[in-house]
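So the chains spell out like this:
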Amino acid sequence: MSSCDGNCQHCGGCAGELVLSQPELTLLNTLAENAFLPVARSAADPAPVYLEDDRNTPAEYTLILQCLEKKGLISIDFDCPLKGADMSRYAAYPIHGSMALTARGQQVLDVLDRQGAK
């Protein structure tokens, strides 16, 4: 484990080390299986909301998404909603978008797969 305090503005892990929680890894693997996933937010709060499964609470998913985005492993785009996606779960959130793995996120999953750590 790294002694990173999270205040370096990069959140790539100190000394090149990247620490992932199990929920973060699970969501990365879900994105590896689905190129894009829906995400939404309210008009008053820019925090992303993910409601596609109940392994974690919506509040926990918000933190997971924010951490993965800060680590540069996913991108969240509220200017690009998923066409044809069933967004009925997100009816309370007027702003719809999508998320996807970044190249770095795919690289991390590739390394974990080679190491048998997924």
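Cut-offs used in this document
Residues numbered from 1 in each chain as written. Predicted model: local features only at pLDDT ≥ 70, side-chain atom pairs only at ≥ 80, totals over all residues. Heavy atoms only, no water. Helix = DSSP H or I, 4+ residues; strand = E, 2+ residues; numbered from the N terminus. Expected span 1.5 Å × (residues − 1). Buried < 20%, exposed > 50% of the residue type's maximum accessible area, 1.4 Å probe, protein only. Arc of directions from axis to C-beta. Contact = heavy atoms within 4.5 Å. Polar contact = N/O pair within 3.5 Å; in protein donor to acceptor, adjacent residues only side chain to side chain.

With 13 residues, helix H3 (residues 103-115) should cover 18 Å at 1.5 Å per step; its first-to-last C-alpha distance of 18 Å lies within 8% of that length. When H3 is considered as a whole, its buried residues turn out to be Gly105, Val108, Leu109 and Leu112. The buried residues of H3 occupy an angular sector of 95 degrees when projected down its axis, which confines them to one face. Residues of H3 that are exposed and point over 90 degrees away from its buried face: Ala103, Gln107 and Arg114. Where the residues of H3 are buried, they touch helix H1 (22-33) and strand S3 (95-101). Note on H3: the residue one or two positions beyond its end, Gly116, has a positive phi of about 70 degrees.

What follows is about the side chain of Ser98. With respect to the element layout, Ser98 can be found in strand S3. Among the polar contacts listed, one links the side chain of Ser98 to the backbone oxygen of Cys80, at a separation of 2.7 Å.

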